[in-house]
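Given next are the chains, with one letter for each unit.
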Amino acid sequence: MIWNIVTDSSSDVLESSFTNERIRFESVPLRILVGETEYIDNDALVIPELLNAMAAEKSASSTACPSPEAFAQAFIAGDCSICFTISANLSGTYNAAVLAREMVLEDHPEKKICIIDSKSTAGAMELLIRRAAELMEADPEGTNFDGICDQLRMYQASLRTVFTLEAYDNLIKNGRMRPLVGNLLHSLGIHVIADATPQGTIHVCGKAKGELRTFKALVQHMGESKDCTGAEVVIHHCENLTGAMRLRDVIVRELPVKSVGFCSCRGLTTYYAMQNGLIVSF
Ligand code: X90
C-alpha cells in the first residue's frame, strides 16, 4: 500500500525536503512566464534568478496552473492519494486536480484519491502536508482513509493565513486582488496587511506604517482571527529570513503559540508575494 501526498508547487515544500521514507510525495509544478521565458516551479528553480528576471521584465508576465495530466500521473503512482491545492478561487489548479481524479478513477477504480482545496496557499498547505504525513504514519494500511480525509478537511477549515507584502503589483495585475488606493500607500511607507477569507479569496484587512507597527498589527490580527493557544505557525518568506525572524519575535511575545517555523517561497509564491513578502499561516 503506497500512501501518496500530492500538492502543487505553491505549497513551497520542496520534494527534496520531504524526507518521510514510507510516504510518497510529489509537488506538481505551476509555471511562471516572464517575458519569453517559462520557469517551471520545481526543485531546480533558482529563486534569485526568477526575481532578477521579474525586475528586468516590466511588461508581460503571468502564471499557469498544472494540467490534469500532470496530476493524473502523480495519482497513478500511489494507492491512497491525498492532494492539497492552492485556493480554487485563485487558480485553476484545484479543478485540474479534480479532473485528474476522475480520469484516474475511470481506469483504476480501486485507487483512493481525495482532493482538498486549501482555500489558501503556502504555509497552510505546508501545515496540511505535515498533518497528513502524521496521520498516514499512524495508519500504514490506509484502513481509515475517509476518516483521515475528514480530519484534514477540519484542519483546513481551522487554518488562517495573513500576509504583508512590499509590493502587490502581480496580485493586482493578474486580477487576484482588488487594486489598492493608488501608489500613495507605498510611497508613504505604509504596509498593507491582507488575509485569506474562508472562501479562499484575498481581503485587505488593514495597514500600518513602518515595519514594527506592521508586524504588531499583523500579530494583533492573528490573535483576533482565532484562538492561537498551542498553534503551529509557519512563516513563508520571499528571500527575507531576517524580516521573518523579527516577525517571529513579535508573534512569540504576543501570542501563546506552540512553534514558529520558516520556509522560503518557491517560484509561484515568489512571483505573487514578490521580494521580502511574508505569509503567515497558523
Ligand atoms: O493558476 C495560476 O496561475 C496561479 C494563480 C495564483 C494566484 C495567487 C497566488 C498568491 C500567492 C500571496 C499571499 C497568500 C494569499 C492567501 C490566499 C487566499 C501568495
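Above this text you will find the structure in question.
Now for a description of the structure that goes with this document. (Residues numbered from 1 in each chain as written. Predicted model: local features only at pLDDT ≥ 70, side-chain atom pairs only at ≥ 80, totals over all residues. Heavy atoms only, no water.)

**Considerations on the site of the ligand**
Convention followed: When we say a residue is near a molecule or strand, we mean one of its heavy atoms is within 4 Å of it. Any pair of nitrogen or oxygen atoms within 3.5 Å is treated as a polar contact; in protein, a donor-acceptor pairing is required on top of that, and neighbouring residues in sequence qualify only through side-chain atoms on both sides. Using a 1.4 Å probe, accessible areas were evaluated by the Shrake-Rupley method; residue-level cover was limited to the displayed protein chains. Residue classes follow a fixed rule: Ala, Val, Leu, Ile, Met, Phe, Trp, Tyr, Cys and Pro count as nonpolar, while Asp, Glu, Lys and Arg count as charged, and any other residue, Gly among them, counts as polar.
Near the ligand there are 19 residues, and of these T63, L90, S91, R176 and A196 occur at the shortest range. Between the ligand and T63, the relevant distance is 2.5 Å, taken from an oxygen atom to a side-chain nitrogen or oxygen of the residue. A distance of 3.5 Å separates an oxygen atom of the ligand from a polar atom in the backbone of A64. If the ligand stood free it would expose 550 Å²; the protein chains cover 99% of that surface. Per-class residue counts for the shell around the ligand are eleven nonpolar, seven polar and one charged.

**Looking at the environment of I115**
What counts, and what does not: Per the convention used, a helix needs a DSSP run of H or I reaching at least four residues, while a strand needs a run of E reaching at least two, with both numbered from the N terminus. For every residue, the accessible area (1.4 Å probe, protein chains only) is compared with the maximum for its type, and the residue is labelled buried under 20%, exposed over 50%, or partly exposed between those bounds.
With respect to the helices, strands and loops of the structure, I115 is situated in strand β7 (residues 112-117). Of the residues examined, I115 reaches a relative accessible area of 10% and is grouped as buried. Sequence spacing of I115 and Y94 is 21 residues, and the spatial spacing of their C-alpha atoms is 7.8 Å.

**Comments concerning the sheet that holds strand β11 (residues 232-237)**
Threshold: Here, a strand pair is defined by DSSP locating no fewer than two bridges between the strands. Between N-to-C directions, angles span 0 to 180 degrees; the directions come from axes that are lines fitted to C-alpha atoms, helices contributing only their stretch in contact. We call two residues contacting when some pair of their heavy atoms lies within 4.5 Å.
An order of β10-β9-β8-β13-β11-β12 is seen for the six strands of this open sheet, with the pairing classed as mixed. The two strands at the open ends of the sheet, each matched to only one other strand, are β10 (202-209) and β12 (259-264). Mean inter-strand twist for the sheet, computed between neighbouring axes without regard to direction, equals 20 degrees. As paired elements, strand β8 (residues 161-164) and strand β9 (residues 190-196) share three bridges and run antiparallel to each other. Counted as the bridge partner of T164 is I193 from β9. Seen against the sheet, helix α4 (residues 122-137) touches β8, β11, β12 and β13 (278-281) and runs at an angle of roughly 135 degrees to β11.

**Comments concerning the sheet that holds strand β2 (residues 23-28)**
As summarised here, the arrangement of the four strands in space is β2-β1-β6-β7, forming an open sheet in which the pairing is parallel. Both edges of this open sheet fall to β2 and β7, since each of them pairs with a single strand only. Averaged over all adjacent pairs, the angle separating strand axes in this sheet is 15 degrees, with direction ignored. Here strand β1 (residues 3-8) pairs with β2 via six bridges, running parallel. The residue bridging W3 from the neighbouring strand is I23, located in β2. Packed onto the sheet, helix α3 (residues 93-107) meets β1, β6 (80-85) and β7 and runs at close to 170 degrees relative to β7. Against the sheet, helix α5 (residues 145-158) touches β1, β6 and β7, its axis set at about 5 degrees to β7.

**Description of the packing of aromatic side chains**
To keep things clear, this is the line we draw: The pairing test for Phe, Tyr and Trp rings, Trp by its six-membered ring, is centres within 6.5 Å, and the orientation test on the planes gives stacked under 30 degrees, edge-to-face over 60, and tilted for anything in between. Our definition puts a charge over a ring when NZ of Lys or CZ of Arg is within 6 Å of the ring centre and also within 35 degrees of the ring normal.
A complete count under the given rule lists five aromatic pairs for this structure. A ring pair is formed by W3 and F145, whose centres lie 6.0 Å apart and whose planes are at 20 degrees; its orientation type is stacked. Pair noted here: W3 is in strand β1 and F145 is in helix α5, with a separation of 142 residues, a long-range link. The ring of Y155 carries R131 above its face, with NZ or CZ at 3.8 Å from the centroid.

**Points about the side chain of S9**
For S9, the location among the structural elements is in the loop between β1 and β2. Residue S9 is classed as buried on the basis of its relative accessible area of 3%. At 2.7 Å, the side chain of S9 forms a polar contact with the side chain of D41. When neighbours within four sequence positions are excluded, S9 is seen to be in contact with S27, V28, P29, L30, D41 and R266.

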